[in-house]
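Chain by chain, the residues:
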Amino acid sequence: TTNKAQWLITAAQMQAAGFSAGLITQIGFDVTTKSGTTTIANLTYSMKAITGTAMGATFHTGMQQVFTTTNYNPTANAVNTHTLQSPFYWDGQSSIVIEECSNNPTNQYGYVNVKYTSGPCLYYYTTNTAQTLTNCSAPTGLYSTSTIPNIRFTMLGGCRSAREEVVAYIHPKPVVDLGPDIN
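Residues numbered from 1 in each chain as written. Predicted model: local features only at pLDDT ≥ 70, side-chain atom pairs only at ≥ 80, totals over all residues. Heavy atoms only, no water.

Caption draft 1: Spotlight on unusual backbone geometry. In this structure, Asn-42 is a non-glycine residue whose phi angle is positive, near 50°. In this structure, Asn-42 sits in strand 3 (residues 40–50). One non-glycine residue, Asn-77, adopts positive backbone phi at about 55°. Along the chain, Asn-77 falls in the loop between strand 4 (64–72) and strand 5 (78–90). For Asn-77, a relative accessible area of 68% puts it in the exposed group. (Helix = DSSP H or I, 4+ residues; strand = E, 2+ residues; numbered from the N terminus. Buried < 20%, exposed > 50% of the residue type's maximum accessible area, 1.4 Å probe, protein only.)

In structure tokens form, the structure reads like this:
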């Protein structure tokens, strides 16, 4: 089975949550349940900044891959956090498209449920073994829904640089005698 989904997080949503420009270093999903020993194969997350506030009717292309793993075993009743191998810079003004793609070429069936909220989502799911290897790069269909997972971000705000030692010298106030003719 193969799954590809894209979710839109608007700049207004990010700002309302208290975020400002900076690096997104982790994304997390609150997993409520899963079936059996579900392992997600070839899991990737990608991100892209866009100027609009609408998802559109086709999958976004030109995504920046930020996370990948060969096999991921989600934990139920927990926030599953992924540290991004390539942190994503958010400019503080753009909306963000997040893409999740997985490919289980052995047709392993299973599911993972997450907490969700309202929002635009495009997705395609297939169990056709001839399509599973190409679904992430070239899906043959498209569906839409109005729910997205609750996504948690960890960010480093603003511009950060290496710390430098600063040496400060404090001297007592100098005693100045200008004498009797000050004018």
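Caption draft 2: Representation of the packing of aromatic side chains in the model. Following the criterion strictly, the structure yields 4 aromatic pairs and no others. Here Trp-7 and Phe-29 contribute two aromatic rings whose centre-to-centre distance is 5.8 Å and whose plane-to-plane angle is 55°, an arrangement assigned as tilted. Placement of the pair is Trp-7 in strand 1 (residues 2–9) and Phe-29 in strand 2 (residues 22–34), with a sequence separation of 22 residues. Neither residue differs from the other here; Trp-7 and Phe-29 are each classed as buried. A ring pair is formed by Phe-29 and Tyr-45, whose centres lie 5.4 Å apart and whose planes are at 20°; its orientation type is stacked. Here Phe-29 is found in strand 2, whereas its partner Tyr-45 is found in strand 3, with 16 residues between them in sequence. Taken individually, Phe-29 and Tyr-45 each receive the classification buried, so the pair is uniform in this respect. (Phe/Tyr/Trp six-rings, centres within 6.5 Å; stacked < 30°, edge-to-face > 60°.)

Caption draft 3: Spatial organisation of a nonpolar patch on the surface. The grouping of Leu-23, Tyr-89 and Leu-156 at the surface amounts to a nonpolar patch, some 260 Å² of accessible area in total. Within the element layout of this structure, Leu-23 appears in strand 2. Given the relative accessible area of 33%, Leu-23 is considered partly exposed. (Patch = residues over 30% accessible without salt bridge, like charges linked within 9 Å, V, L, I, M, F, W, Y side chains within 5 Å. Areas by Shrake-Rupley, 256 points an atom, 1.4 Å probe, with all protein chains shown as cover. Salt bridge = Lys/Arg side-chain N within 4 Å of Asp/Glu carboxyl O.)

Caption draft 4: A look at the side chain of Glu-99. Topologically, Glu-99 is positioned in strand 6 (residues 95–103). Residue Glu-99 is classed as buried on the basis of its relative accessible area, which comes to 8%. A polar contact is formed between the side chain of Glu-99 and the side chain of Gln-6, at a distance of 2.6 Å. In this view, Glu-99 contacts Lys-4, Ala-5, Gln-6, Thr-44, Tyr-45, Ser-46, His-60 and Met-63; residues no more than four positions away in its chain are not counted. (Polar contact = N/O pair within 3.5 Å; in protein donor to acceptor, adjacent residues only side chain to side chain. Contact = heavy atoms within 4.5 Å.)

Caption draft 5: View of the environment of Phe-88. Looking at where Phe-88 falls in the secondary structure, it is placed in strand 5. For Phe-88, a relative accessible area of 4% gives the class buried. Counting along the chain gives 24 residues from Phe-88 to Gln-64, while the straight-line C-alpha distance between them is 8.0 Å. Not counting the four nearest positions on each side in its chain, Phe-88 is found in contact with Gly-22, Leu-23, Ile-24, Met-47, Lys-48, Ala-49, Gln-64, Val-66 and Ile-96.

Caption draft 6: Region of interest: the layout of surface pockets. One number sums up the size of the second largest pocket: a volume of about 190 Å³. Contributing to the lining of the second largest pocket are Ile-9, Gln-13, Met-14, Ala-17, Phe-19, Thr-117, Ser-118, Ile-148, Pro-149, Asn-150, Ile-151 and Phe-153. Counting residues per element, the ones that place at least two in the lining of the second largest pocket are helix 1 (11–16), strand 8 (116–126), strand 9 (143–149) and strand 10 (151–157). (1 Å grid on protein atoms, 1.4 Å probe; cavity = no way out; pocket = protein on both sides within 12 Å on 5 of 7 lines; lining within 4 Å. Points joined across faces, edges and corners; volume = space filled by probe spheres on them.)

Caption draft 7: Examining the pairing of strand 2 more closely. Here 9 bridges tie strand 2 to strand 5, and the two strands are oriented antiparallel to one another. Across the sheet, the residue bridging to Val-31 is Ala-78, located in strand 5. Bridge count for strand 2 against strand 10 is 7 bridges, and the pairing is antiparallel. Bridging across to strand 10, Phe-29 finds its partner in Ile-151. Here strand 2 pairs with strand 7 (residues 112–114) via 3 bridges, running antiparallel. Residue Lys-34 lies in a different strand from strand 7, and its bridge partner there is Val-112. (Pairing = 2+ DSSP bridges.)

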